[in-house]
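Understanding the architecture of this molecule
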Amino acid sequence: MSATSTARPDSQTRPRIVIAGAGPAARALVRQLTRTPFAGGITVLSNRDNAPAELLELAALPQVSVRFGQPVSYIDPGSQRVTTADGLEFGYHQLVIATGSSPAGPPLEGAGRCLSYSTIDDAARLGEAVKDVTRVLGRRPLGILVGTGTAAGQAEAVLRARGVRPVRTTQRPAAVIPNLAGSLLPAAGVVFEDGSRMKGDLVVLAEERIPRDALSVSAGLKTAPRGGIVVGQDFRTSVPGIWAIGDAAAFDGVRLGLLVAAASAASVCVSQLLQATLDDPLVRAA
């Protein structure tokens, strides 16, 4: 028998927004929701047992409930319920999917020594890191950029704007060459399967990622050909009452994280969620 949450989307409870996922997009959404007049409850269902300090701070707020290690595994739009991997059920008035994305390939040996670029939010962090490296070197850095597609194109633009001389490779390396002398970013280059090498001052990984859109199956949500839950400019999905933000979503066939910063997406989505909550007849009756 599955356990059932006491949060039900009926006229006897206050409005409830459930968020599937606890990454940057989800946290931005919660942060902005708590700054509005929204008087309902917010439930965050995370697939991780641990959490960053930012999420723990949000979990301490009275209207926010965070369930760690409880990823959503099934959505029933008809009854407005989600079920977690452990069988817990949560009712919702509005559901936001923010499950993010995952690397398309296996982890690269030594990836922790590299900079990474997967969403537009990484641009500022990448730029700051490059500025630090430039200051230490006292010259323009030579950067090795690994990846193809939109993410790699955006990363290259950021590198060039920061004065980096990028050398781009579409061939995936086998490993990262460490900088034995030590530096802010201890990566001196990459080595390929055939033993050939590329050396530089920093390595940026901007490889392909796959939206985590598996929840679309149970909910009957429309997905993009290359993955991602299809959303409109208001972040509504094809099923009423369900929204998607961050890398789990796709707009015009492109992974949303490459198009809109998490804070900007959250701002627009929050305004739409508030209006949808006011328009919900069950909420008005509560």
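Note: the structure precedes this text.
Note that the structure is a prediction, hence the values are computed from the model and not measured. (Residues numbered from 1 in each chain as written. Predicted model: local features only at pLDDT ≥ 70, side-chain atom pairs only at ≥ 80, totals over all residues. Heavy atoms only, no water.)

**Focus on the nonpolar core**
Under the convention used in this document: Here, nonpolar core refers to any group of buried Ala, Val, Leu, Ile, Met, Phe, Trp, Tyr and Cys residues whose side-chain atoms link them within 4.5 Å. When accessible area is computed with a 1.4 Å probe and restricted to protein chains, residues below 20% of their type maximum are described as buried, those above 50% as exposed, and intermediate ones as partly exposed. In this text, helices come from DSSP runs of H or I with a minimum length of four residues, and strands from runs of E with a minimum of two, each type numbered from the N-terminal end. Contacts are assigned to residue pairs that have any heavy atoms within 4.5 Å of one another.
In this structure, I19, L29, I75, V82, I97 and I242 are the most contacted members of the largest nonpolar core, which totals 50 residues. Sorting elements by how many residues they give to this core places helix α6 (residues 262–279) first, with seven residues. Excluding residues within four positions of it along the chain, I97 makes contact with A20, I75, L215, L221, I229, I242, W243, A244, I245 and A248. By size, the runner-up hydrophobic cluster in this structure holds 17 residues, among which are V130, V158, V164 and L258.

**Some remarks on the sheet that holds strand β13 (residues 187–191)**
Stated precisely, the cut-off is as follows: Any two strands with at least two DSSP-identified bridges between them are counted as paired. Only C-alpha atoms enter the line fits that serve as axes; for helices the fit covers just the stretch in contact. Angles between N-to-C directions range over 0 to 180 degrees.
Here we have three strands laid out as an open sheet, ordered β12-β13-β14, and antiparallel in their pairing. For this open sheet the edge positions go to β12 (175–178) and β14 (197–199), each flanked by a neighbour on one side alone. Sheet twist, expressed as the mean angle between neighbouring strand axes with direction ignored, is 30°. With three bridges connecting them, β13 and β14 associate as antiparallel partners. Along β14, the bridge assignment pairs G189 with K199.

**Some words on the packing of helix α1 (residues 24–33) against α6**
Cut-off, in case you're wondering: If an angle is under 35 degrees, it is roughly parallel; if it is over 145, roughly antiparallel; if it lies from 65 to 115, roughly perpendicular; otherwise it is oblique. What makes a crossing left-handed is the near helix being turned counterclockwise from the far one by less than a right angle; a clockwise turn instead makes it right-handed. Residues are grouped as follows: Ala, Val, Leu, Ile, Met, Phe, Trp, Tyr, Cys and Pro are nonpolar; Asp, Glu, Lys and Arg are charged; all remaining types, including Gly, are polar.
Interhelical geometry of α1 versus α6 gives an angle of 50° and a closest axis separation of 8 Å. By the criterion of interaxial angle, the relationship of α1 to α6 is oblique. Note that α1 runs across α6; the crossing there is right-handed. Here α1 contributes P24, A25, A28, L29, Q32 and L33 to the contact with α6, which in turn contributes A262, A263, A266, S267, C269, V270, L273 and L274. Here the residues of the contact of α1 with α6 are counted per class, giving 12 nonpolar, two polar and no charged.

**Quick look at the sheet that holds strand β10 (residues 142–146)**
Reading across from one edge, β9-β15-β10-β11 is the order of the four strands in this open sheet, with parallel pairing throughout. At either margin of the open sheet sits one strand with a lone partner, and together these are β9 (115–116) and β11 (165–169). Across the sheet, helix α4 (residues 149–161) lies against β10, β11 and β15 (202–205), angled at about 165° from β11, the strand it touches most.

**Thoughts on the environment of T119**
Here T119 is to be found in the loop between β9 and α3 (122–137). Residue class for T119 comes out buried when judged on its relative accessible area of 15%. Counting along the chain gives 140 residues from T119 to L259, while the straight-line C-alpha distance between them is 8.0 Å. What T119 contacts, discounting residues up to four positions off in sequence, is D247, R255, G257 and L258.

**Overview of the pairing of strand β1 (residues 16–20)**
So the rule is basically this: Think of it like this: strands point away, you trace from the first strand over the helix to the second, and a clockwise trace means the crossover is right-handed.
Taking burial as the measure, the five residues of β1 include five buried ones, the bulk of the element. The pairing of β1 with strand β2 (residues 41–45) spans five bridges and is parallel. Counted as the bridge partner of I19 is V44 from β2. Between β1 and its parallel partner β2, the chain crosses via α1, and the hand of that crossover is right-handed. Pairing of β1 with strand β7 (residues 94–97) involves four bridges; the strand directions are parallel. Each residue of the ladder has a partner; that of V18, found in β7, is L95.

**Focus on the environment of V176**
With respect to the helices, strands and loops of the structure, V176 is situated in strand β12. The buried category is assigned to V176, whose relative accessible area is 9%. C-alpha separation for the pair V176 and K199, spaced 23 residues apart in sequence, amounts to 9.8 Å. Residue contacts for V176: discarding those within four places in its chain leaves L108, E109, G110, A111, R113, C114, A187, G189 and V190.

**Observations concerning the pattern of salt bridges**
Just so we agree on the cut-off: Only one rule defines a salt bridge in this text: a Lys or Arg side-chain nitrogen within 4 Å of an Asp or Glu carboxyl oxygen.
By the definition in use, this model includes 13 salt bridges. Of the charged contacts in the structure, one is a salt bridge between R255 and D247, with a shortest N-O distance of 2.6 Å. Residue R255 is classed as buried on the basis of its relative accessible area of 7%. Exposure remark for D247: the relative accessible area of 8% places this residue in the buried category. Taken together, the salt bridges that share partners define one network made up of R27, R31 and E54.

Honestly, that's just the spatial picture; any functional story needs more than this.
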